[in-house]
Amino acid sequence: MSTEDAEPKSPDAEGAHVSEAEAELAAQRLERERIERRKAERGPIEAGAKLSGTAADLLAAVRAVESGEKPAATVFQEARPARRRPAPEPVRRAPAEARGEAQGGSPAAGTVEDVREVLVQGGAPEGLAPGVAGTLGEGAAEVLRADPWQLLRVTGVRPEQADGFARALLGAEAGPGDERRGRAVAVWLLEQAALAGHTVLEMAALADALGRQGVPEPEGAVQNAIAEGDVLVFQDGLEGDEEQPVRVLVGLERFAMAEESLADGLARLVNSVPKQEGEEWERAAAAAEGSAAELIRAAAGHGLVLHTGGQASLAEPAALLNAAHGLGLRVWAAAHGPMGRARFAELVEGPGVATVTGLLSGAEGPGRDADGALDVDLLVVLDAPQLDVEAAALVTESLPDGARLVLAGDPGVLWSIGPGRVFADLLAARICPQIASRRPDPGPLGELVSGIGVGELNQVAAPGKEVVIVPVRDAGEAVHRTVQLVADSVPRAIGVPAEETQVITPGHGGAVGTRALNAALKERLNPGPGRFGGFDPGDRVAYSSAPGHTLPGSVVRADSEGLHLVCGGEEIVVPRERVERTLRHGWALTAHQAVGCQWPAVVVVLPGDAAQALSRPWVYTAFSRAGRHLSVVHGVEQALPRAVAEVPAKPRTTRLPILLAPQVPAGAES
């Protein structure tokens, strides 16, 4: 079964080439000034994704990755954390640089035509021309002629496909040892690592992966990429390790700089003096109860506070926001998506609630002052485990001096789609107050999910059929029972209609992936010819405006403007030319697509071939999406309890703990 949440195994990257890299670090430092000057002259160097062999294969690969059907192929594991010198001063970026906003306008028609001509010469589909022109910019055709491997910067293209394109353009000159190929593949591998959550890699791990991609001198390829400014190199001291005094890491500028900016922003919040401390806050805390009172007291005296808990614990940040609003402060909350925003808005009276994307883009939220900072005194970010380093950096950069930031979320759920593990790193760093909610999720579902969080899959009493296990023998039976549950059993026995029941499965492909389940569910629940790109009014859909960002919704109608959807109470129009790339049916989702949402009833489908995709965070996330009822279509036998007990989250290599250590005063830990 193809699974979107699975990540390939990592190689043995235990520093086989680190000593060689250390010997060259002094020379690299001298070169960095020259690199910075060159980068300033030609602007930031962006890194991209993959390339093409035959036209059909390339186009399919690009569309699969852009639509989220195909998981990122990555080969890296996390390295040990270590201390490092302080990062540079952060620079507050403009609101328009919120992720997804910085793509720029459409490329010029002449540029697209020039690129189309080069693509045809190289055997690549000419339909990729707009995307290539948008990625490589003006002069893209000349860039491709000079370096065909730059096509790897287009999302969805793989090295073997780029090699075929290069051979078609360059002939015998295009060999595996070409320096251009080595640099481009190094960047591509770092992009793949980022898709798996890593912000940086051990230099030895990158060199090892380059060797597996057929680069004959991988260490030299890494050094060339560093010298050209395509990647950045970092050295982090390892305390108490005389044999290996530094850890050498490499990363893309985009993610490495975001992580450094995030560390600086967090340190600024930790060291700032919040506005309006004193008796008013204490009176507000005294009026609250339990951990809600603790949260109010922590926020009163600190610029950064972490809050952990499940669905029921949302009442505590709501109490904080209501109290702060009553004190006259400018307060806002930001949720991961529209469903979470709507759910939390019911808990507050007065404070504004936005989505993180809307807040950063300016489409929602309080607006910004003349300096570009958000007009807030207190911001609570919900679903904090879903913050990747770029979004988290933008949040911290956007806060004015003296503001308070509360990051709230459930540490048991899947981490962000984007690179980093911001919330987990902050919890481990212990640089600010952490308030753990003592408000458990209620009922049998709450008991079940709480046990999973600590590695135990317990049998729970469910007198109201809150939890039902449906054993199946094969894929065909799994699909049949899933459709039966959604269309008949759950509405009849539980009273939850089909439109309020969500199916969750580990992946998109396979006999019981989202595609197969959605086809079966559409046939039963909303049969139709799919006249508009395979969709009909009434279809449940998953809309992805950008890779990794999914909005569940439904089709309202179709007209000349495009497909009209309702997602989280808002109408969205998807132009006809974007339907195939951004839309899929949504009766069945993956756990990553469902994160930040909750439905009255959830059917989790676990076919036999899904065993390798299961982990404790996956099971925790999928099961905790259910509000009133959970059905588990169970075909993995003992793989389910084994995953809960023995398979934690896959490690990610990040620098945030290292960057935070020297920037936080000794007295800041609590």
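None of these values were measured; they are calculated from a predicted model.

Caption draft 1: Structural view of the pattern of salt bridges. Counted by the stated rule, this structure contains 27 salt bridges. Salt-bridge contacts for R439 lead to E316; the nearest nitrogen and oxygen are separated by 3.5 Å. With R439 in the loop between β9 (434-436) and α18 (443-453) and E316 in helix α13 (residues 315-326), the pair connects residues that are 123 residues apart, well separated along the chain. Overall, E316 belongs to the buried group, its relative accessible area being 1%. Measuring nitrogen to oxygen at the nearest pair gives 3.0 Å for the salt bridge that ties E570 to R341. One end of the pair, E570, is in strand β15 (residues 570-574); the other, R341, is in helix α14 (residues 338-345), with 229 residues separating them in the sequence. The class of E570 is partly exposed, set by a relative accessible area of 37%. When salt bridges that share partners are traced, they join E113, R116 and E126 into one network.

Caption draft 2: Structural detail: unusual backbone geometry. In this structure, D383 takes a positive phi of about 55° despite not being glycine. Using a relative accessible area of 21% as the deciding quantity, one classes D383 as partly exposed. In the Ramachandran plot, K465 falls in the positive-phi region, its phi being about 60° despite a non-glycine side chain. Take K465: it is sitting in the loop between α18 and β10 (467-471). Overall, K465 belongs to the partly exposed group, its relative accessible area being 49%.

What counts and how
Residues numbered from 1 in each chain as written. Predicted model: local features only at pLDDT ≥ 70, side-chain atom pairs only at ≥ 80, totals over all residues. Heavy atoms only, no water. Salt bridge = Lys/Arg side-chain N within 4 Å of Asp/Glu carboxyl O. Helix = DSSP H or I, 4+ residues; strand = E, 2+ residues; numbered from the N terminus. Buried < 20%, exposed > 50% of the residue type's maximum accessible area, 1.4 Å probe, protein only.

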